[in-house]
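Examining the three-dimensional arrangement
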Amino acid sequence: LVQGAENVDDYTSDELALFDTVFLYGYSYRNQPKAFRILDEYVSKGGNLFINTGWQFVDADWQLDSAPDFFPVDGLTWTQEFSSQSRYLIEDENIGGDVNEVSFAPLAWNNLPWGLSIPLNGKRNWANTVLSVEGKPIILAGNYGQGRVIWSGFNLLGHINTYNFNEQEVKFFGNLLRWFGSGDLEEEIIQTGKIGVLRTKPDKVEFVFQETTQGLSSLYWRESEFSNWKATLVGTDRKSQNIKIYRAGPGFMFMRLPSLTTGSRLILEFKVGTRTIIGRILSVVTVVWLGLYLFRGRKSLKPFDGLFFPITKRAREKVSGLRKSFGDEDS
């Protein structure tokens, strides 16, 4: 998973198109119409979209008077009408899979009802109810344009976490994601073996692709993502292009690559930036100053008397004044 930006409209639909699935969880936006246009275009052209509106006050659309066309509902409202006695029902096993919903944890939180975002009136004609509670749909899914959409008014991830990773709920969530289509782990292992990796120094890694690829592919490098890392793709024609690095998984580096020819190289290099240079200078100055202080004591501070000691003196006087005002002069 790539860690996305906070706001949907920080992206363009073209950038979102680099990814197979966009997962909206704890999301927001600056401009709602713009965000909705970006998402509509993304799904219409073949993207998969998971929309979670079950996190009250955090998911932007936990209540919505009028939903955009790519939502499988016409609007949303918040309710706490259900309880630990409410019954779940999986209504579409083609998407929800073979799961025992009776074993799902109750709709309760600290003896209070578990809040849900539910359809205001009904669902779109292209949407199927996957999971309902007492006849009310709380997870819907369907094909929209060339893509697929899953909407959840049930904060399933929060519920799974609250109830210590309920096995049947985890299985159900996996089935939802598999409906979007999943990668082939064996194929990933095969393709990884077709990449040569050269590392002659810590700050530079070179990946050499030993097979031609068609369309987008992904490179996940298990090393901490940091803004100073820069990625450059060099083709066999020696033309180069910058590749964006995303933060993925537990803070590692993820890159989406265009079609490649055999012999193409991706150069990942740590570039020293202004902040790094300033940090190194400050570190050297600090070490030198500590060394002088160790051998010369307070004499090493004399060049800085005019800078630091008047500030320190004023600070002492201010503290003393505060103590007097609180009647703590003798303490």
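Below is a summary of the structure that appears in this document. (Residues numbered from 1 in each chain as written. Predicted model: local features only at pLDDT ≥ 70, side-chain atom pairs only at ≥ 80, totals over all residues. Heavy atoms only, no water.)

**Focus: the sheet that holds strand S18 (residues 265–270)**
We apply this condition: One bridge is not enough; two strands pair if DSSP finds at least two bridges between them. By the criteria applied, helices consist of DSSP H or I runs no shorter than four residues and strands consist of E runs no shorter than two, each listed in order from the N terminus. For helices, the fitted axis covers only the stretch in contact; all axes are lines through C-alpha atoms, and the angles between them, taken along N-to-C directions, range from 0 to 180 degrees.
Taking strand neighbours across the sheet as the criterion, the 5 strands line up as S11-S12-S18-S14-S15 in an open arrangement whose pairing is antiparallel. Each edge of the sheet is formed by a strand with only one pairing partner; in this case those strands are strand S11 (195–201) and strand S15 (240–243). Going from strand to strand, the sheet's axes swing by 20° on average, the running direction of each strand aside. Pairing of strand S14 (residues 229–234) with S15 involves 4 bridges; the strand directions are antiparallel. When the bridges of S15 are listed, Val234 appears paired with Ser240.

**With respect to the pattern of salt bridges**
Quick reminder of the rule: When a carboxyl oxygen of Asp or Glu lies within 4 Å of a side-chain nitrogen of Lys or Arg, that pair is called a salt bridge. When accessible area is computed with a 1.4 Å probe and restricted to protein chains, residues below 20% of their type maximum are described as buried, those above 50% as exposed, and intermediate ones as partly exposed.
Applying the stated criterion to the full structure yields 9 salt bridges. Two residues, Glu15 and Lys244, come together in a salt bridge whose shortest N-O distance is 2.8 Å. One end of the pair, Glu15, is in helix H1 (residues 13–16); the other, Lys244, is in the loop between S15 and strand S16 (246–248), with 229 residues separating them in the sequence. Relative accessible area serves as the criterion here: at 17%, Glu15 is assigned to the buried category. By relative accessible area, which is 48% here, Lys244 ends up partly exposed. Here Arg256 ties to Asp20 by a salt bridge, and the two come within 3.7 Å at their closest N and O atoms. Here Arg256, found in strand S17 (residues 252–257), pairs with Asp20, found in the loop between H1 and strand S1 (21–24); they are 236 residues apart in sequence, far enough to count as distant. Given a relative accessible area of 54%, Asp20 falls into the exposed group.

**Remarks on the nonpolar core**
As a reminder, the rule being used: Working definition of a nonpolar core: buried Ala, Val, Leu, Ile, Met, Phe, Trp, Tyr and Cys residues. They are joined through side-chain atoms within 4.5 Å. We call two residues in contact when some of their heavy atoms are within 4.5 Å.
Counting 26 residues, the largest nonpolar core has Leu131, Phe154, Phe172 and Leu176 as the members making the most contacts within it. Elements represented by at least two residues in this core include exactly strand S4 (88–90), strand S7 (116–119), strand S8 (127–133), strand S9 (136–144), helix H4 (156–162) and helix H5 (167–179). When sequence neighbours within four positions are dropped, the list of residues in contact with Leu176 reads Phe50, Ile95, Val130, Ile139, Ile150 and Leu156. Grouped together as the second largest cluster of nonpolar side chains are 25 residues, Val22, Phe36, Leu49 and Ala67 included.

**Section: the packing of aromatic side chains**
Going by this rule: When the centres of two rings from Phe, Tyr and Trp lie within 6.5 Å, Trp using its six-membered ring, the rings pair. Their planes under 30 degrees apart give stacked, over 60 give edge-to-face, and anything left gives tilted.
Scanning the model with the defined rule gives 22 aromatic pairs in all. Ring geometry for Phe19 and Phe254: centres 6.3 Å apart, planes at 25°, overall stacked. In this pair, Phe19 is assigned in the loop between H1 and S1 and Phe254 in strand S17, connecting sequence segments 235 residues apart. In this pair, the class of Phe19 matches that of Phe254, namely buried. Grouping aromatic residues by their ring pairs yields a cluster made of Phe23, Tyr25, Phe50, Trp55 and Phe173.

**Points about helix H2 (residues 32–44)**
Which entries qualify depends on this criterion: Between the first and last residue of a helix there are one fewer steps than residues, each counted as 1.5 Å, and that sum is the expected span. By arc we mean the arc of the directions from the helix axis to the C-beta atoms, nothing more. In the analysis that follows, any N or O atom pair within 3.5 Å is treated as a polar contact, provided that within protein one partner can donate a hydrogen and the other can accept it, and provided that, for residues neighboring in sequence, both atoms belong to side chains.
The end-to-end C-alpha separation of H2 is 18 Å, in line with the 18 Å expected for 13 residues at 1.5 Å each. Buried within H2 are the following residues: Ala35, Phe36, Ile38, Leu39, Tyr42 and Val43. In a view along the axis of H2, the buried residues occupy a sector of 160°, so they form one face of it. Summarising the contacts, the buried residues of H2 are in contact with H1, S1, strand S2 (48–52), S9 and strand S10 (147–152). Between the side-chain oxygen of the N-cap and the backbone nitrogen of Lys34 there are 3.0 Å, and the N-cap of H2 in question is Asn31. Among the residues trailing H2, Gly46 stands out with phi positive, at a value near 120°.

**Considerations on the environment of Tyr220**
Structurally, Tyr220 can be placed in strand S13 (residues 217–224). In this structure Tyr220 comes out as partly exposed when scored by relative accessible area, which is 36%. Between the C-alpha atom of Tyr220 and that of Ala248, which follows or precedes it by 28 residues, the distance is 8.1 Å. Contact partners of Tyr220, with chain neighbours within four places excluded, come to Ala248, Gly249, Pro250, Phe252, Met253 and Phe254.

**Re a nonpolar patch on the surface**
Inclusion rule: The residues that make up patches have over 30% relative accessible area and no salt bridge, and they are joined within 9 Å when like-charged or within 5 Å when they are Val, Leu, Ile, Met, Phe, Trp or Tyr. Per-residue accessibility takes into account occlusion by the displayed protein chains alone, with areas from the Shrake-Rupley method and a 1.4 Å probe.
Residues Val272, Ile277, Ile281 and Val285 make up a contiguous nonpolar surface patch of about 340 Å² in total accessible area. Secondary-structure assignment places Val285 in helix H7 (residues 274–296).

**Overview of the sheet that holds S17**
Read from one edge of the open sheet, 3 strands run S13-S17-S16, paired in antiparallel fashion. Each having just a single partner strand, S13 and S16 make up the two edges of the open sheet. Taking the axes of each pair of neighbouring strands and ignoring which way they run, one obtains an average angle of 35° across the sheet. Across 3 bridges, S16 lies against S17 in antiparallel orientation. Note that in S17 the partner of Tyr246 across the bridge is Phe254.

As far as function goes, none of this settles anything; it's purely spatial.
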